[in-house]
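# Geometric and topological summary
Take a look at the letters that make up each chain.
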Amino acid sequence: MKPPPFSYAAPTTLDEAIGLLTEHSDAEPRVLAGGQSLIPLMNFRLAKPGYLIDLRNVTGLTGIRHEGHVLIIGAMTRMSELERSDEVAMAAPLLAEAVGFIAHTPVRNRGTIGGSLAHADPAAELPAVTLASDAELVAAGPTGSRQIRAAEFFTGPFGTALAPDEILTEIRLPLWHGGHAFVEFSRIHANFAVVGVAALAELNGDRIGRVALAVTGVAPTAIRATAAEHVLAGASADATTAAEAAQAAVEGLSPAADLHASAETRLALARTYLRRGIELATSRARNER
Amino acid sequence: MAPTTCTITVTVNGQPHVAEVEPRRLLVDFLREDLGLPGTHIGCEQGVCGTCTILLNGASIRSCITLAVQADGAEISTVEGLARDGELHPLQDEFAAKQGLQCGYCTPGMLMRACEILAENPDPTPAEVRSAIASNLCRCTGYQFIIEAVISAAARMRATKEVAS
Amino acid sequence: MTTASRPGAPPVRDHSAKRRWVGQSIRRVEDPKFLLGRGGYIADRITPGTLHAAVLRSPHPHARILRIEVAQALAAPGVRAVITGLQAAELCDPMPDFGPDPARHTWRCLAVDKVRYVGEGVAVVVADSRYLAEDALELIEVEYEALPAVVDPERALADGAPLVHEALGSNCAYERTFDFGEVERDFAEADVIITDRLRWHRSGGQPLETVGAIAEYDPGTGSFTIDTNTLSFTSYLFMAANTLKVPANKLDIRPVPAGGSFGSKLFANKPAVIAAMCSRATGRKVAYLEDRVDNISNCDHHGSDRVYNVELAMMRDGTMRGIKIDVVDDYGAYMQFGVGHHGNALAQVVGPYTIGSVRYRVRAALTNKNQQGAYRGFGSEVNNWMLEQMVDKAARELGLDPVATRRKNFIRDFPHFIPTGNVYDSGDYDRVLDKALELADYSRWRAEQKRLREEEGRYIGIGVICAQERSVFSATEFWFWFDEPGAPVTSTPESVTLKVDATGGITAILYSCAFWGNSPETMVAQFVAEEFDCSPYDVSVVYHGSRDGLPATGPGGSRTTVMLAGAVEGAAGKIKEKARRAAAHLLEIAPEDMEWADGGFRVRGDPERRKSLAEIAIMLHLFKHSFPDDMESGLEGSKVFDHPYTTMPSADRKDLGVFYPFMGHACHVPVVEVDIETGAVTFLHYAAVHDCGTLVNPRSLAGHIVGGTAQGIGTALYEEYVYDEDGQLLSSSYLDYLIPSAMEVPEVGIGHVETPSPYTPHGVKGGGEGGRMMAPAAINAAVNDALAPLGVRLTELPMTPERILSALRAAGRAG
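Residues numbered from 1 in each chain as written. Chains lettered and ligands numbered in written order. Predicted model: local features only at pLDDT ≥ 70, side-chain atom pairs only at ≥ 80, totals over all residues.

## Notes on the overall build of chain A
Put simply, the rule reads: The way it works is that DSSP assigns letters per residue, a run of H or I at least four long becomes a helix, a run of E at least two long becomes a strand, and they are numbered from the N terminus. Restricting the calculation to C-alpha atoms gives the radius of gyration, and the globule rule supplies 2.2 Å times the number of residues raised to the power 0.38. Buried residues are those with 20 or more other C-beta atoms within 10 Å of their own C-beta, exposed residues have 12 or fewer, and partly exposed residues lie in between; C-beta atoms are placed from the backbone.
When helices and strands are counted, chain A shows twelve helices and 14 strands. A globule of 289 residues ought to have a C-alpha radius of gyration of about 19 Å, and chain A, at 19 Å, matches this closely. Projected onto its principal axes, the C-alpha positions of chain A cover 55 × 45 × 30 Å. When burial is assessed residue by residue, chain A has 56% of its 289 residues classed as buried.

Written out as structure tokens, the structure reads:
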């Protein structure tokens, strides 16, 4: 399983990289970040880019910093760095927890946050995190940068709102106060998730205030569980509410079946993990106070 | 389209190498065939089994889903660099002592991953080791004696460090 | 059934209790090279200038090949040859095939006129590198005419099913019913008949290293030399030579260390044949190394794939009377090993129980899938699982304790002949069970199970299974399926040559005896050390290829340790006989007054007068004139050790004879928790006690038990080659063929019991397969025990979350 041939460049600036994407647009160019998703596809010859633009030498795409109430993460930041970052642990614990579920250490040593989001695997964890966090993804193209809301970023399985000549440069995560939980069901430890849930919940006294839920594994992309959020907002933070919300979330969904789970099983798992995610997030919100 | 090549500089087990590689050449093939270091093995070529694990700048990576060009400028450690002056690394010796290998095919990857595990946590519990080596599949041992070997090696390495310091 | 005086048993041996090396958990002799990254696996042996092959595989499960265009591929950079299936059929004859009707289910290295499973090879490209070969594969155009696929084995047997092999006229490649003992009487007299339908889906060895071969054809001699990691039965290699259209003595297959096999590298000759064919076609050395996709879809070693309908005749007090087994086995598109997997089942079909009669109906169904081969247990592990499921079901229906029910039916007199005619040489099943229950802390877990259900609503289950692990197969199980077999072969030897050099150093030569994670070198070194009082690390162990080798069968059916023991014993005996005479001559004493002790021969009663092996050896090598005329120079001995206990089947096949006599036994007790909301199964505890006779290297066997248990966990919960109803292989990579990681395998508490075999050197029995022969049965038992309060019982493996949740939903118990 060897990859097909391609032309290759490792530019040192973002402008250069974008320029290459434009210049070689006929050759099916692709951007290479950590390669943990792309290179396996190339080994299977399911992806055959004619031109690979390696971002490893491009300056300015890594790093974690604050800007007011927003955590800004460079797209080429390795997942292992996110995992080890005290800043991420404090400011975006949902992200920190989710990263721990992404494959194994060797994959996280190479994989990048931008690469994972741009790849948009429907089973991946980070898209759900960005959806729940109302994150903004910054893309740079020949005509400049633009911010794309997470809610508009994931357009389908392995499909994003990025134009062919755009590169993801930054992820902007608004900070949450309150409880978080990332939970997922996988068959083998650290394998891809059958379903996953990202949950954020703030408490006002005993009642749930602001809440955000995103689910993977039940639709062509990760989705916000808005029906569940409506059930939860203002409701009492207890097991009954959590169960009701979980039930509301799965109504009307028709997930695709595969060899690992039928549609019915996916819905059951989603219900279970939504419930568990909500309970964990609210219990953490309670403990924070 | 004639294949073009890139010039890369990599240090492997302390030895610098300059080489011309096709951009598509996988790092594992570069190490095994171009540098004559067949100790790193190929299991799945999709980054799942961990058989091809090596250290790149001290961090474990899967060399079957890494291009050689991506390793330009890096320091790589493979199993061939573990033994020094004919003496086995404590991990290697403990794998033998505890029979942490049967067919030996996953062993180089396991050893390199174990190096990283112990570098990050010199005194792990068996549960921590078990969780950490979940990154590397083994089809022969059922993992138990591998975990025992890593724990024993960790103790030896801590003792050596204490003696040294 | 329990008569000890049947013809054919070898003499009962006296085992010395005093052993110095056998029984020691020494470090393995093999390990240093693997630890240093110098294992010498097949992919490590590619020399510059070797060409690489890649195979184009069918995307269709069943299709006619109308047209293959290779011109573009031939013109691609670095390509040296492209061979289509049609061309291959001229260059090579069909593959070696032990199936029932090879002329009608003909198996070739590449498909000729039609493809019969997704992944079947249709053409091979040979190029300067694997990269270039794969580039060229994409330039080959194949026009297929898709045919309806047949995927379900029972539907394959139904009228009107699409035929996998038109020439066969049916998808039923073999059908026969065997009756052993008084089946009708036992069923008529039974109080209760327990019935069930059980489904075991195919999984496979999936070692981390795939199969590979490097072949070189020498046009000067017309010979092939092939290095490969597949094991070959030396004496049957003429079949592979036939495939390559060369005489048997023009084929040399040389084994190299394999990165695991678990059966899947047993006689896996297709890569070797393809590499050889390409080598002859190009005039160059050619390497064909399977990649993972090649191997998963096309390894030719998928495991058993069975539908059981079973009836167990019981008395109300728990006595088992008879069993009727109707099994349909989905063999895929070819049948290289015939129904040998059912021979393995019949070797221990009644388990450890005094069941008096057996009806065994087997039907081999052909479907559009890769064919079965060997996977650790070779079909006996499936029978263990089926039988233990039936015993648990019986206990539940009769309101009896499952452990007591087992004990009630244990065989206790040995040697014991089971209804099929095979013998259980020795055993102590009570002792194994007692030890397992103790190791498992059984009573405490039963109490804990109750408490956790009542107090926390959790579903804990405990499985207790007692089952057999046969070892050392005979050749008869290849052909007793037929009343008039074409080749009623009876040889499955193992050979060793021991050489003592002029310095007294010992070299052991193994023939076609693969290293694939078992420890043949360590076993041999320990046996040689035991014989000659040397250090096992001073023994040099080398492997010979097939052509200049003695007959050998190699690992399989857990036979290697016993067979090597016999071969070493025989070879050592010849050396000692000559050394005795030489020493006697040198010391001018009668040979019968010499005795072996401490690494040499000494005069009985005068121990100072002695000659060490080294002293004897140097004289024999260099000082011919010190010896009589009839004593040749040198000091070596070879032994072709034939299977020590095989008897022939009766003409009416009501008695299959003895074919798997060295019978180990084990008890596994897993404790699991089933999450009824997710269908996830986790282990809380795991105890395994095995009796494989005398242990040679206890640590090594323990390693195999844990590893085998891990594979059994895979079979029970995670691993399946999933074909959808259109015949597409869904689990075609490691993302979907799920191998347990360290987090899916618990710590296994191991206990050993040693009931020596009366018939083997040191009383050794084989044990390499045992872990996997027990674990699926034990885990299924545990899951069923957990879900019993909910009225749910799983009868299909693997017990995926989907199957568990479906069963819970069906019982109205979904969480």
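## Brief notes about the overall build of chain B
Selection criterion: A pair of residues counts as a contact when their C-beta atoms, built from backbone coordinates, are separated by no more than 7 Å.
Secondary structure summary: chain B contains five helices and five strands in total. Taking 15 Å as the expected radius of gyration for a compact globule of 165 residues, we find that chain B reaches 16 Å, a close match to that expectation. Judged by the C-alpha coordinates and their principal axes, chain B covers about 55 × 35 × 25 Å. For chain B, the residues scored as buried account for 62% of the 165 residues in total. Put simply, of all contacts in chain B between residues at least 6 apart along the chain, 60% involve residues at least 24 apart.

## A word on the domain arrangement of chain B
Residue and element names in this part refer to chain B. Inclusion rule: Domain start and stop points were drawn from an automatic or database domain assignment.
Taken domain by domain, chain B comprises domain 1 (6-81) and domain 2 (90-164). A straight line from the C-alpha centre of domain 1 to that of domain 2 covers 22 Å. Taken together, the contact pairs 15 residues of domain 1 with 13 residues of domain 2.

## Digging into the environment of A83 of chain B
The topology assignment puts A83 of chain B in the loop between β5 (75-77) and α2 (90-97). Taking the C-alpha atoms as reference points, A83 of chain B and L137 of chain B, separated by 54 residues in sequence, lie 23 Å from one another. Beyond its immediate stretch of four places on either side in the chain, A83 of chain B contacts L88, H89 and Q92 of chain B together with L36 of chain C.

## Some thoughts on the interface of chain A and chain B
The following threshold applies: We call Asp, Glu, Lys and Arg charged. Ala, Val, Leu, Ile, Met, Phe, Trp, Tyr, Cys and Pro are nonpolar, and the rest, Gly among them, are polar.
If you look at the interface, chain A gives 25 residues, while chain B gives 23 residues. Listed by contribution, the elements that provide at least two residues to the side of chain A that touches chain B are β1 (7-9), α2 (38-43), β3 (51-54) and α6 (105-110) of chain A. Examining the composition of the side of chain A that touches chain B, we find that five residues originate from one element, α6 of chain A, more than from any other. The class makeup of the residues in the side of chain A that touches chain B is twelve nonpolar, nine polar and four charged.

## Quick word on the nonpolar core
Going by this rule: The term nonpolar core means buried Ala, Val, Leu, Ile, Met, Phe, Trp, Tyr and Cys residues held together as one set by C-beta atoms within 7 Å.
Formed by 419 residues in total, the largest nonpolar core has its most connected members in L213, V215 and L274 of chain A together with A53, V125 and A275 of chain C. With twelve residues, the single largest contributor to this core is helix α16 (residues 560-587) of chain C.

## Thoughts on the sheet that holds strand β6 (residues 136-141) of chain A
Residues and elements named next belong to chain A. Note the following rule: The rule for pairing is simple: two strands pair if DSSP sees at least two bridges between them. Between the N-to-C directions of two axes lies an angle of 0 to 180 degrees, each axis being a line fitted to C-alpha atoms and, for a helix, fitted only over the stretch in contact.
On the basis of which strands lie adjacent, the open sheet formed by five strands has the order β4-β5-β10-β6-β7 and antiparallel pairing. Two strands close off the open sheet at either side, each with one partner strand: β4 (64-67) and β7 (144-149). When strand polarity is set aside, the average angle formed by the axes of neighbouring strands in this sheet is 25°. In the sheet, β6 pairs with β7 via six bridges, with the strands oriented antiparallel. Across the sheet, the residue bridging to L137 is I148, located in β7. Seen against the sheet, helix α1 (residues 14-23) touches β6 and β10 (167-174) and runs at an angle of roughly 125° to β10.

## As for the interface of chain C and chain B
Many structure descriptions define interface size as the accessible area lost when the parts assemble. The interface of chain C with chain B comprises 41 residues on the first partner and 42 residues on the second. When contributions to the side of chain C that touches chain B are tallied by element, the ones reaching two or more residues are α1 (31-35) and α18 (698-718) of chain C. Per-element accounting of the side of chain C that touches chain B gives the leading share, seven residues, to α18 of chain C. When grouped by side-chain class, the residues that make up the side of chain C that touches chain B number 19 nonpolar, twelve polar and ten charged.

## Focus on the sheet that holds strand β21 (residues 506-511) of chain C
Backbone-to-backbone hydrogen bonds pair the strands of a sheet. The strands run either parallel or antiparallel. All names here are of chain C. The four strands lie next to each other as β22-β21-β20-β26, forming an open sheet whose pairing is mixed. The sheet is open, and its two borders are formed by β22 (540-544) and β26 (636-641), each paired with just one other strand. Sheet twist, expressed as the mean angle between neighbouring strand axes with direction ignored, is 20°. Looking at chain direction, strand β20 (residues 494-500) and β26 are connected through six bridges and run antiparallel. By the bridge assignment, V496 is partnered in β26 with K639.

## A word on helix α14 (residues 442-456) of chain C
The condition is simple: Helices are assigned an expected span. That span is 1.5 Å times one less than the residue count.
Helix length check: α14 of chain C, at 15 residues, gives a terminal C-alpha distance of 20 Å against a target of 21 Å (1.5 Å per residue), a fit within 8%. One or two positions beyond α14 of chain C, positive phi appears at G457 of chain C, with a value near 65°.

## Observations regarding the domain arrangement of chain A
Residue and element names in this part refer to chain A. According to the domain assignment, chain A consists of domain 1 (7-54), domain 2 (64-174) and domain 3 (179-288). Summarising the inter-unit geometry, the C-alpha centres of domain 1 and domain 2 are found 19 Å apart. Looking at the side of domain 1 that touches domain 2 element by element, the count peaks at five residues for α1. Classifying every residue of the side of domain 1 that touches domain 2 by side-chain character gives six nonpolar, six polar and no charged.

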